[in-house]
Amino acid sequence: MNPFSSGTRLRDMIRAIRACKTAAEERGVVRKECAAIRAAINENDNDYRHRNLAKLMFIHMLGYPTHFGQMECLKLIASAGFPEKRIGYLGLMLLLDERQEVLMLVTNSLKQDLNHSNQYIVGLALCAMGNICSAEMARDLAPEVERLLQFRDPNIRKKAALCSIRIIKKVPELAENFINPAAALLREKHHGVLITGVQLCTELCKASEEALEYFRMKCTEGLVKTLKDLVNSPYAPEYDIAGITDPFLHIRLLKLLRVLGQGDEDASECMNDILAQVATKTESNKNAGNAILYECVATIMSIEDNGGLRVLAINILGRFLSNRDNNIRYVALNMLMRAITVDAQAVQRHRATILECVKDLDASIRKRALELVYVLVNESNVKPLTKELIDYLEVSDQDFKGDLTAKICSLVKKFSPEKIWYIDQMLKVLSEAGNFVKDEVWHAVIVVITNSPDLHGYAVRALYRALQTSADQETLVRVAVWCIGEYGDMLVNNIGMLDVEDPITVTESDAVDIIEIALKHHTSDLTTKAMALIALLKLSSRFPSCSERIKEIVVQYKGSLVLELQQRSIELNSIIAKHQNIRSTLVERMPTLDLLEWEEKQSGSIPNTTSSTPAHASINIPNGVVKPSSAPLVDLLDLNSDDVPAPSSSGGDSFHGLLDIDLSGAPKQSGVNHSPNNGTDALLDLLSTATPTQSSSAISDLLNSGQDNKTPVSPLEVLSSPFSNSIQPTSSAGAIDLLDSFATNSPIQENNGPAYPSVVAFESSNLRIGFNFSKLPGNPQTTIIKATFTNLSPSVYTDFIFQAAVPKFLQLHLEPASGNTLPASGNESITQTLRVTNSQHGKKSLVMRIRIAYKMNNKDVLEEGQINNFPQGL
């Protein structure tokens, strides 16, 4: 016989495929076999049709296309014999799914087989329908399936019930037709029929409120009796699994009772006794018993309140936590997470066992237990639980320390009863796992310390001790360096000693030594070194006797390859050597930060002045504060082929209450979009958009900003803090002594060159903007624009903000506006100065897009436009 003829037996084809050595050889065998099957289909070969379809099913399971044989399934289903129908229905379920249009052709054959006198053929039709029934087929054949729910043979009733579940899922509106037949199935003695009937009732309750109410009224007591009989039934070998009679039926009945009891007090009351009986009588030494207990606990936690039952259920979960099986412990932790919202006190009794699960070898159990402990903590138990977690932090795996550290820090912050306890716990975390602590956590520690004047001395002494033993923890080093720089005199003189601490002897030289060690430590990154240099500058003022030594340390970085360190070294050396008269003023202590504002800022309840504002959102940003571009501002930037940078606004409010905090440890340029990188990237971003001759020093910027804003905060103190704000760079003309002009702040000098006509840059029915132009002496590329904003309406404008964007060949700097309230009817105006530098002066003219946002009668208004009518020569 030809090995690839339609008469080839299935086993021969399988043997030939398995004998193939390569995938190409297998494809060749399959291709030849498919060709033989196609030829047989074309010849309408009835003798071997069932054999060909069996081979097609095997080829289909190997992943090869078999769509050409779909019609063969329908032909076999239409045959009269049972063997042909069996192969046909099996092929139908394997080769087709409910989305195939050809399935519509089999509906009539299914209807005939559902009414067939042979119960085995009826069973084939129900099995196929339960697997691939579509919504249209369900509507057509639902009456036949409903009738078969009362068929004499239990196997047919069982299959009809499963098929009914498929119909209800596909067409929920047919649910009401199956309510009475499903209720009748609950009285069955045959366990197979009963379990499918319970499953059908469960699906009906989910699909129909009418069915749910019906089963609550008519069937709850019957289900309770059935479950009671099952629990108390004698040994039945045909249903016994591990000494438990039919655990599958147990679980299905408990799930249906859970649905019926949820939200109904009467139904819940009816099933309380049997649930208690199941919970107490079921053995937990076998997996089948544990499965029943788990479902029983889930049912108890879902039905209406019964305190005693819930305590019993939570105690069962507590026993689960002591089980050796990881799966059982894991599902117990999951269930306890749900139970804690219902009865937290009962869960608290198992706190010790849950803490042990945090130390489990299985990573998934550790994480789930840690989440549960986090939920368990409250004001009354925060101290013992935190102590347990910190003790475990010392020996925990490196992979787990990140999650554990984050939870501990969150708990300490949330439930801290007093600041000294907060500082103690955070120092322990920083000492044990400082490298896993996120930036916002150690920033918060500094905020709390600065906000606690009576604990300054205690904190700096504790940090000094911790730093001597844990110098490799980066975040601990940063906090310690910052605090020693701020409160070094309190460390040396033992100021603010508390009764709970022991005296410590630290000399001025010791304080400088530990900063120097941190500065030169091989693990210190750029942020830490920058903070250490600033701390040394502070100590040079606090400890005059160590000033020369500090100067020698600082000078070592004048030749650093890292530009940030080189710049800081040169500037700080200049302060120490030449400007001792102002050094003490520059390094005054940081003012107390408002802890409430800081916490609200972290939680997002205070709008960040550097965050993007939607076009229709309420705008509460002080006029002139830097505001980077956001999605609604994209159109503002679409000027021409030269892409423009983010819209520039003025930075005049740069020290506004120290609320806008940059935690990178270095100043940023405003007017440039910054990603939230920290460490080296954030510091190096300072120089990413300017050449060395354009970039001014950080101290000079701070001094100028401090004078412009009349801010009482010492500018260098803001720089030295890890909370330095955004700083607007101004151009500098080379290497000069940046502090020689500390006391001066020269206004912009206008030259007596050619005068430029004023223009109305923008005018609408509500607003007029006028531009007056002037030039800087000796700098024709730079134009000073004085913008005047006039209100043309009878309503007052509040929260007034002006934004502008220019192409890349222009550089734009906005000074602070004269106000943010614009009086009505042109009575007064707001003025704002813009400085524009044209790198293509004489080749390209100025061009600008503007956007104005304000509130009129408490409604947000947004206006925008493009300005092209600048005078020639700018």
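Look above for the structure.
What you see is a predicted model; the values in this text were computed from it and never measured.

Caption draft 1: A look at helix α15 (residues 265–281). Here α15 spans 25 Å end to end across 17 residues, near enough to the 24 Å set by a 1.5 Å rise per residue. Within α15, the axis deviates most sharply at Asn-272, by approximately 40 degrees. All of the buried residues along α15 are Ala-267, Ser-268, Met-271, Asn-272, Ile-274, Leu-275, Gln-277, Val-278 and Ala-279. Where α15 begins, the side chain of Asp-264 points an oxygen toward the backbone nitrogen of Asp-266, at a separation of 3.3 Å.

Caption draft 2: Inspection of the packing of aromatic side chains at higher detail. Following the criterion strictly, the structure yields 10 aromatic pairs and no others. With centroids separated by 6.3 Å and ring planes inclined at 80 degrees, the aromatic side chains of Trp-482 and Tyr-487 adopt a geometry described as edge-to-face. In this pair, the class of Trp-482 matches that of Tyr-487, namely buried. Clustering of aromatic rings is evident, with ring pairs tying together Phe-789, Tyr-797, Phe-800, Phe-802 and Tyr-854. When the ring centre of Phe-400 is taken as reference, the NZ or CZ atom of Arg-366 above it lies at 5.0 Å. Note that Lys-407 overlies the ring of Tyr-374, its terminal NZ or CZ placed 4.5 Å from the centroid.

Caption draft 3: The arrangement of the sheet that holds strand β12 (residues 859–867) in detail. Strand order in the open sheet made by the three strands is β8-β11-β12, with antiparallel pairing throughout. Lying at the two open borders of the sheet, with one neighbouring strand each, are β8 (797–805) and β12. Each strand of the sheet is rotated relative to its neighbour by a mean of 15 degrees, with strand direction disregarded.

Caption draft 4: Spotlight on the pattern of salt bridges. Enumeration according to the criterion identifies 32 salt bridges in this entry. A salt bridge links Asp-397 to Arg-366; its shortest N-O distance comes to 3.7 Å. With Asp-397 in the loop between α22 (382–393) and α23 (398–415) and Arg-366 in helix α21 (residues 363–376), the pair connects residues that are 31 residues apart, well separated along the chain.

Caption draft 5: Spotlight on the packing of helix α6 (residues 107–114) against helix α8 (residues 135–148). Where α6 meets α8, the closest approach of the two axes is 10 Å, and the angle between their N-to-C directions is 5 degrees. When the axes of α6 and α8 are compared, the pair comes out roughly parallel. Between α6, through Thr-107, Leu-110, Lys-111 and Leu-114, and α8, the contact on the second element is made entirely by Met-137, Asp-140, Leu-141, Glu-144, Arg-147 and Leu-148. Looking at the contact of α6 with α8, its residues break down into five nonpolar, one polar and four charged.

Caption draft 6: Region of interest: unusual backbone geometry. Positive phi, close to 55 degrees, is recorded for Ala-242, a residue that is not glycine. For Ala-242, a relative accessible area of 45% gives the class partly exposed. Phi at Ser-825 is positive, roughly 60 degrees, even though this residue is not glycine. Its place among the elements puts Ser-825 in the loop between β9 (810–814) and β10 (829–838).

Caption draft 7: View of a nonpolar patch on the surface. A surface patch of nonpolar side chains, about 280 Å² in accessible area, is lined by Met-61, Leu-90 and Leu-94. Tracing the backbone through its elements, the reader meets Leu-94 in helix α5 (residues 82–95).

Caption draft 8: The arrangement of the pairing of β12 in detail. Of the pairings in the sheet, the one linking strand β11 (residues 848–856) to β12 comprises nine bridges and is antiparallel in character. Of the residues in β12, the one forming a bridge with Tyr-854 is Val-861.

Caption draft 9: The arrangement of the pairing of β11 in detail. Where burial is concerned, most of β11 is hidden: nine out of the nine residues are buried. Burial along β11 is two-sided: Met-848, Ile-850, Ile-852, Tyr-854 and Met-856 and Arg-849, Arg-851, Ala-853 and Lys-855, pointing in opposite directions, are all buried. With seven bridges connecting them, β8 and β11 associate as antiparallel partners. Paired with Gln-803 across the two strands is Arg-851, which belongs to β11.

Caption draft 10: Layout of the side chain of Asp-360. By the secondary structure assignment, Asp-360 is in the loop between α20 (351–358) and α21. A relative accessible area of 15% places Asp-360 in the buried class. Of the polar contacts made by the side chain of Asp-360, one reaches the side chain of Arg-329; its length is 2.8 Å. Not counting the four nearest positions on each side in its chain, Asp-360 is found in contact with Arg-329, Ile-365 and Arg-366.

Caption draft 11: Examining the packing of helix α11 (residues 191–207) against helix α14 (residues 247–261) more closely. α14 packs onto α11 with a crossing angle of 25 degrees between their chain directions and a minimal axis gap of 9 Å. Compared by their axis directions, α11 and α14 come out roughly parallel. When the axes of α11 and α14 are compared, the crossing they make is left-handed. Each of His-191, Leu-194, Ile-195, Val-198, Gln-199, Cys-201, Thr-202 and Cys-205 in α11 lies in contact with α14, whose residues at this interface are Phe-248, Leu-249, Arg-252, Leu-253, Leu-256, Val-259 and Leu-260. Looking at the contact of α11 with α14 residue by residue, the classes come out as 11 nonpolar, three polar and one charged.

Caption draft 12: Expanded view of the sheet that holds β10. With antiparallel pairing, the five strands of this open sheet are ordered in space as β5-β6-β7-β10-β9. The open sheet has two edge strands, β5 (759–763) and β9, and neither has a second partner. Going across the sheet, the axis of each strand differs from the next one's by a mean of 25 degrees, ignoring polarity. Alignment of β5 against strand β6 (residues 767–776), held across four bridges, turns out to be antiparallel. Directly across from Glu-763, in β6, lies its bridge partner Arg-768.

Caption draft 13: Helix α30 (residues 547–555), seen in detail. Listing the buried residues of α30 in full gives Ser-547, Ile-550, Ile-553 and Val-554. Along the long axis of α30, the arc covered by the buried residues comes to 120 degrees, so they all point the same way. Away from the buried face of α30 by more than 90 degrees, exposed residues Glu-548 and Glu-552 are located. Looking at the buried positions of α30, the neighbouring elements they touch are α28 (508–520), α29 (526–542), α31 (563–578) and α32 (580–586).

Caption draft 14: Fine view of the nonpolar core. Judged by nonpolar contacts, the single largest core of 214 residues is most densely connected at Leu-92 and Phe-215. For this core, the leading source of residues is helix α27 (residues 474–493), giving 12 residues. The contacts of Phe-215, once residues within four sequence positions are left out, are Ile-179, Ala-182, Ala-183, Cys-201, Leu-204, Cys-205, Thr-220 and Leu-260. Counting residues in each nonpolar core, the second largest holds 35 residues, with Ala-761, Phe-771, Ala-804 and Tyr-854 among its members.

Caption draft 15: Main features of the environment of Pro-83. The residue Pro-83 is located in helix α5 in this model. The class for Pro-83 is partly exposed, based on a relative accessible area of 47%. In this structure the C-alpha to C-alpha distance between Pro-83 and Ile-121, which are 38 residues apart in sequence, comes to 9.7 Å.

Rules and cut-offs
Residues numbered from 1 in each chain as written. Predicted model: local features only at pLDDT ≥ 70, side-chain atom pairs only at ≥ 80, totals over all residues. Heavy atoms only, no water. Helix = DSSP H or I, 4+ residues; strand = E, 2+ residues; numbered from the N terminus. Expected span 1.5 Å × (residues − 1). Bend = angle between axes of the 7 residues up to and from the residue. Buried < 20%, exposed > 50% of the residue type's maximum accessible area, 1.4 Å probe, protein only. Polar contact = N/O pair within 3.5 Å; in protein donor to acceptor, adjacent residues only side chain to side chain. Phe/Tyr/Trp six-rings, centres within 6.5 Å; stacked < 30°, edge-to-face > 60°. Lys NZ or Arg CZ within 6 Å of the ring centre and 35° of its normal. Pairing = 2+ DSSP bridges. Axes fitted to C-alpha atoms, helices over the stretch in contact; angles between N-to-C directions. Salt bridge = Lys/Arg side-chain N within 4 Å of Asp/Glu carboxyl O. Parallel < 35°, antiparallel > 145°, perpendicular 65-115°, else oblique. Contact = heavy atoms within 4.5 Å. Nonpolar A, V, L, I, M, F, W, Y, C, P; charged D, E, K, R; others polar. Patch = residues over 30% accessible without salt bridge, like charges linked within 9 Å, V, L, I, M, F, W, Y side chains within 5 Å. Areas by Shrake-Rupley, 256 points an atom, 1.4 Å probe, with all protein chains shown as cover. Left-handed = near helix turned anticlockwise from the far one by under 90°. Arc of directions from axis to C-beta. Core = buried A, V, L, I, M, F, W, Y, C linked by side-chain atoms within 4.5 Å.

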